[in-house]
Amino acid sequence: MSSLFPLSPSPVEEFNFAGHRLLVKRDDLLHPQFSGNKARKFAWFLEHDFPGIKRLIGHGSAQANSLYSMAALARLKGWHLQFYVDHISEHLRLNPCGNFKAALALGAELIEVGAQARREGMNLESYLQQHLVPTLGQDCLFVPEGGRCGYAEYGVAALAQEIAEYASTNKLTELKLMLPSGTGTTALFLNKYFVEQGLDIQVLTCALVGDDNYLKAQFAGLGAQERHFPTILSPGRKYHFGKCYREFFEIWLALEKTGTQFELLYDPLAWILLLDYMDAHPDARVLYLHQGGLLGNESMLPRYVRKFPELAHAAGLSLER
Ligand SMILES: *Cc1c(COP(=O)(O)O)cnc(C)c1O
């Protein structure tokens, strides 16, 4: 069977960490600009023709991985990206880095509408749904935050197919596939594929944004039935999305020693929960999905170094690097 996705397949590597042997699927290596999770979710747009489309419209944080991926997609397609954000912090404006800087370099236009939305008592998404989306012409393509939409299923199913082929070629049974969730779109469409194909591959995930019930509501919002839902691993405490936690930095620094860099926003919690899972299920065959997003580390890492200078120092990291 050939893959649906021209940038793939991405490699699978053997991985040893914290006394466990597992596999890592390197979706971070798909393409230098168009990689990871967002490349899969936006593949449908990359691979189809959209005659008459001139503008791609998105929204989210000014540091988001999706901002960079959408800027890369727009560049590949010859579109202009307009990306709506709440606001651009003074610090970022004066010290552009990471996804923000790279997206600007690809010609993205960022538009701040947070203050206006708040004046009308709305969040960014409902503000755009009410005031922007109805005004968009035939030449505009609007993509919901983080690619949370049915179009994402196309590229994610291609990823699921690659994983299924890998498992079958390597005679891996009862495979567990772990990946962290934001909107949950990737984890849901992966698991849905395995359920519908009757494969014994189980998706494990964890909620980074909101709690487990929020994540289930996101799954349901994508039109899925409960039998399609991935298994959610829960931490024993509450973590706020985007905040810096000591244990996140510690596990990320430990992962650095493997020679493979992971990202700092989603991966640390997933690895903490996965190590617990593997301790409890020592015979489980596990594949971790590396979903890219490494450019975002340029803005996250300095925050961690400032908050935990002693950990950074012990690891030989400094802000001057
Ligand atoms: C966007 C992103 C996620 C979250 O993906 P969802 O499909 O929204 O759950 C996870 N990891 C990385 C690196 C991402 O860029």
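Predicted, not measured: the structure shown is a model, and the values here were computed from it.

With that out of the way, let us pick up helix 8 (residues 152–169). With 18 residues, helix 8 should cover 26 Å at 1.5 Å per step; its first-to-last C-alpha distance of 26 Å lies within 8% of that length. Taken together, the buried positions of helix 8 are occupied by Ala 152, Gly 155, Val 156, Ala 157, Ala 158, Leu 159, Ala 160, Gln 161, Glu 162, Ile 163, Ala 164 and Ala 167. After helix 8 finishes, the residue Lys 171 shows a positive phi value of roughly 55 degrees.

Looking at where Pro 144 falls in the secondary structure, it is placed in the loop between strand 6 (140–142) and helix 8. In this structure Pro 144 comes out as buried when scored by relative accessible area, which is 19%. Taking C-alpha positions, Pro 144 is 21 Å from Ala 102, a pair spaced 42 residues apart along the chain. Those residues in contact with Pro 144 that sit more than four places away from it in its chain are His 59 and Cys 149.

Next up on the list: the packing of aromatic side chains. This model, assessed by the stated rule, comprises 22 aromatic pairs. Between the aromatic rings of Phe 45 and Phe 50, the centroid separation amounts to 5.8 Å while the plane-to-plane angle is 35 degrees, which identifies the pairing as tilted. Residue Phe 45 shares its accessibility class with Phe 50, and that shared class is buried. An aromatic cluster of at least three residues, connected via ring pairs, comprises Phe 15, Phe 17, Phe 262, Trp 271 and Tyr 288.

Taken together, the four strands give an open sheet; going across it, the order is 5-4-3-6, and neighbouring strands pair in parallel fashion. The sheet is open, and its two edges are formed by strand 5 (109–112) and strand 6, each paired on a single side. Taking the axes of each pair of neighbouring strands and ignoring which way they run, one obtains an average angle of 25 degrees across the sheet. Bridge analysis of strand 4 (residues 80–85) against strand 5 gives four bridges, and the strand direction is parallel. Each residue of the ladder has a partner; that of Tyr 84, found in strand 5, is Ile 111.

Next up on the list: the side chain of Asn 99. Within the secondary structure layout, Asn 99 lies in helix 5 (residues 98–105). In terms of polar contacts, Asn 99 uses its side chain to reach the backbone carbonyl oxygen of Gln 63, at 2.9 Å. At 3.5 Å, the side chain of Asn 99 forms a polar contact with the backbone oxygen of Ala 64. If near-sequence neighbours (up to four positions away) are discounted, Asn 99 is found in contact with Gln 63, Ala 64, Asn 65, Leu 67, Tyr 68, Leu 295 and Gly 296.

Here we come to the sheet that holds strand 7 (residues 175–181). To summarise the sheet geometry, strands pair through backbone hydrogen bonds and adopt either a parallel or an antiparallel arrangement. Ordered in space as 1-2-10-7-8-9, the six strands form an open sheet in which the pairing is mixed. Strands with a single pairing partner mark the edges of an open sheet, and in this sheet they are strand 1 (12–17) and strand 9 (231–232). With four bridges connecting them, strand 7 and strand 10 (residues 285–290) associate as parallel partners. Across the sheet, the residue bridging to Leu 175 is Arg 285, located in strand 10. Packed on one face of the sheet, helix 12 (residues 267–280) meets strand 1, strand 2 (20–26), strand 7, strand 8 (201–207) and strand 10 and runs near 180 degrees to strand 10.

About the thresholds
- Residues numbered from 1 in each chain as written.
- Predicted model: local features only at pLDDT ≥ 70, side-chain atom pairs only at ≥ 80, totals over all residues.
- Heavy atoms only, no water.
- Helix = DSSP H or I, 4+ residues; strand = E, 2+ residues; numbered from the N terminus.
- Expected span 1.5 Å × (residues − 1).
- Buried < 20%, exposed > 50% of the residue type's maximum accessible area, 1.4 Å probe, protein only.
- Contact = heavy atoms within 4.5 Å.
- Phe/Tyr/Trp six-rings, centres within 6.5 Å; stacked < 30°, edge-to-face > 60°.
- Pairing = 2+ DSSP bridges.
- Axes fitted to C-alpha atoms, helices over the stretch in contact; angles between N-to-C directions.
- Polar contact = N/O pair within 3.5 Å; in protein donor to acceptor, adjacent residues only side chain to side chain.

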